[in-house]
Amino acid sequence: MVHVRGQNASVVTTVVGSYPKIPNRPRPARLRNAINRFDRGEITEAELHRVEDEVTIEVLEEQADAGLDLITDGQIRWEDEQTYLTRKLAGVSIDGLTRWFDTNMYYRQPVIEAPLAWREPITLQDYHFAVEHSSRPVKPVLTGPYTLARLSQNGAYDSLEGCVLALAEALNQEARALQQAGASFIQFNEPAILRHKEDLPLLRAASERLLQGVDAETALYLYFGDVAGIYPQVLELPFDLIGLDFVIGATNYELLRQSPFTKKLGLGLIDARNTKMERAEDIVDKIRIATEFVPLGCIHVSPSAGLEFLPREVAQAKLVRMVEGVRRAGEVLS
Amino acid sequence: MSRGLLTTTVGSFPKPDYLQRARNQYAAGRLSREELAELERRATREVIALQEDVGLDILVDGEMYRGDMVAYFAELLEGMAIGGLVRSYGNRYYHKPVVTGTIGWPGPMSLEMWRFAQNLTQKPVKGILTGPYTMVEWSFNDYYDDRREMILDMARAMRQEAVELDRAGARYIQIDEPALSTRLEDLDLAIEAMSIVTRGLRARTISHMCYGDFASAYPRFLDLPVQQFDMETANGGYDLADLFKARGFPEDRELAWGVIDVHNHLVETPEQVAAGIRKGLEVLPPERLYIDPDCGLKTRTAEEAAAKLRVMMEGVRRVRKEMGLEQ
């Protein structure tokens, strides 16, 4: 279980994964400058890693300062949510740029060239580093096997299913390594399933493989859409918490009304893709609606997706507002 | 001019180093607007000369004065501002525009450079605008509660710009909607907005779209009220040819057929280009089939862009000769 601090002990405030890597002027864009200098051969890899470490600490502190209960390392070292995880697997090469879902952000497409194998921990060192430097509990966040497979080119398996299950096998080893290192809560992001809802049975098979031998609390976050057509079936997936997008997937409120929500709920209610600031009273209202389906103590409030689509200062201001809304909700609702 | 397979480009060209440096100096306050403008005109003259030299039929001004297709207009439009940095990929960031008030037309935004470019050549120069759907979809919104209202206000602003180009004599006006291919569920809204922009224009209207799942939106996307669809086809392995062959393409519309992959450093061979053109000819006769690269060329180096265009022309000439369109 996550140990939750903060004024409101019932609702957990958290994020979905990524955090903007560089601030705006007058603050210096240290990571961008360091990568540029590394690319020009002006600093060593060790010096670049030192900047990555320092920026990660900054981001851990920003989340803690905003008052979040459960934070991430912001994926500061990740060039994108596919490349960082797959390039250390045997059998994968990294290809050209492709648009990431319907965002204006691009990722490098992994190419699965040969049967996949997990060779070494990918995020373990990052997790250790974050825990060591964070004043708040840290959760590791991994892109799930279904989404990784969907966003890769499969040149090694006869079917999507084969590819998804092989990635589930690889990520299972990663999850177990994280668990062994002390992670008591592990999150997987699977936005791609909302674009291919017919594949829910495949996601279920993959998730069972993914979580074999994982006793930590687990979460699955689904965003950039709603769960119409796969609700309540998503509740059969073997995760303790299901996180949903209530911004793009605003219809999720209606769906939850139709069938009891039997797990912990990730309530993604802050718009992670637009700068317009939420009002604290609207956050309270949304939490009130959610308590019709799930008790306060089973809710993790978060932005609708990773925060990297926003300028850094806006992301932080939104987190501050979110925590304020949750605090007020706690006063009103408990 | 050839009797068919007219050649063109999608709009942007790579900026020469001296212009890129000057833009940075201008941003840092070390260069005046007029000094920058002089270099923009110099670069535009070079882009026109290159297109003439390659032998293209319908030219563009190369967008030497635009940093980015959305940000350029956002800086000028009423009700828009340039926001904070957002990562685009890898170590690349851009200032994402924000809608901060009621969107309005501030006066001509692209007319001056279009006119400058058109005065340099006998060939037609396309006016090129960013479509209302894409302008809004690729910006933050701090102001409107109603997204449709926001897009339609943007459409009315862009219409005024299109009317200016039309009155000035632009024979082709292109209104790009690359954001649409990822959100085809918004097609009706994009169509409504485009109809505001293009209604009653004398110029031939064109819209460029990026690769997307057009099969799922067929035939509805063909209701976008423009005369020419400029499609990214090479990058999709020409699968649009199969779609149009199987299910038809309207007789009153034209296609601009991308035969050059702009995302790849490798320069195609003339035979690859010719093969791509023949795929297009399975759909449409040469009078209604225009040949161009998949997308804007600004991400390529100047050398790659020129080499790709020359190879494109070689492929076009090969097919024109086969068809007796050109001696």
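Residues numbered from 1 in each chain as written. Chains lettered and ligands numbered in written order. Predicted model: local features only at pLDDT ≥ 70, side-chain atom pairs only at ≥ 80, totals over all residues. Heavy atoms only, no water.

Novice: So what about the overall build of chain B? Which residues, and what values?
Specialist: On a plain count of helices and strands, chain B comes out with 10 helices and nine strands. Dimensions of chain B along its principal axes, counting C-alpha atoms only, are 55 × 40 × 40 Å. For chain B, buried positions account for 63% of its 327 residues. Long-range contacts, defined as pairs at least 24 residues apart, comprise 75% of the intrachain contacts of chain B with a sequence gap of at least 6. Carbon and sulfur atoms make up 47% of the accessible area of chain B, which totals about 13,000 Å². Placing the 41 positive and 51 negative side-chain charges of chain B at their respective mean positions leaves the two points 3 Å apart. (Helix = DSSP H or I, 4+ residues; strand = E, 2+ residues; numbered from the N terminus. Buried < 20%, exposed > 50% of the residue type's maximum accessible area, 1.4 Å probe, protein only. Contact = heavy atoms within 4.5 Å. Areas by Shrake-Rupley, 256 points an atom, 1.4 Å probe, with all protein chains shown as cover. Lys, Arg positive; Asp, Glu negative; His and termini not counted. Charge placed at Lys NZ, Arg CZ, Asp CG, Glu CD.)

Novice: Describe the packing of helix H2 (residues 45–66) of chain A against helix H10 (residues 312–333) of chain A, listing the residues and the values that go with them.
Specialist: Helices that pack against each other are described as a pair by the angle of their axes relative to one another and the distance between those axes. Residues and elements named next belong to chain A. Put simply, H2 and H10 touch, their axes get as near as 8 Å, and they point 30° apart. Where H2 abuts H10, its residues Glu58, Val59, Glu62, Gln63, Asp65 and Ala66 lie against Arg312, Gln316, Leu319, Val320 and Val323. Here the contact of H2 with H10 is composed, by residue class, of five nonpolar, two polar and four charged. (Axes fitted to C-alpha atoms, helices over the stretch in contact; angles between N-to-C directions. Nonpolar A, V, L, I, M, F, W, Y, C, P; charged D, E, K, R; others polar.)

Novice: So what about the interface of chain A and chain B? Which residues, and what values?
Specialist: It is common to report an interface's size as the accessible area lost on association of the parts. Contacts between chain A and chain B engage 27 residues on the former and 21 residues on the latter. Interface of chain A and chain B: buried area, both sides summed, is about 2,100 Å²; carbon and sulfur atoms make up 48% of it. Linking chain A with chain B are three salt bridges, by the criterion used here. Here chain A is connected to chain B by 11 residue pairs in polar contact (both at pLDDT 80 or more). Where the side of chain A that touches chain B is concerned, the elements lending two or more residues are helix H1 (30–39), strand S2 (90–99) and strand S3 (106–117) of chain A. A total of four residues in the side of chain A that touches chain B trace back to one element, the largest contributor, which is H1 of chain A. (Buried area = accessible area lost by both parts, 1.4 Å probe. Salt bridge = Lys/Arg side-chain N within 4 Å of Asp/Glu carboxyl O. Polar contact = N/O pair within 3.5 Å; in protein donor to acceptor, adjacent residues only side chain to side chain.)

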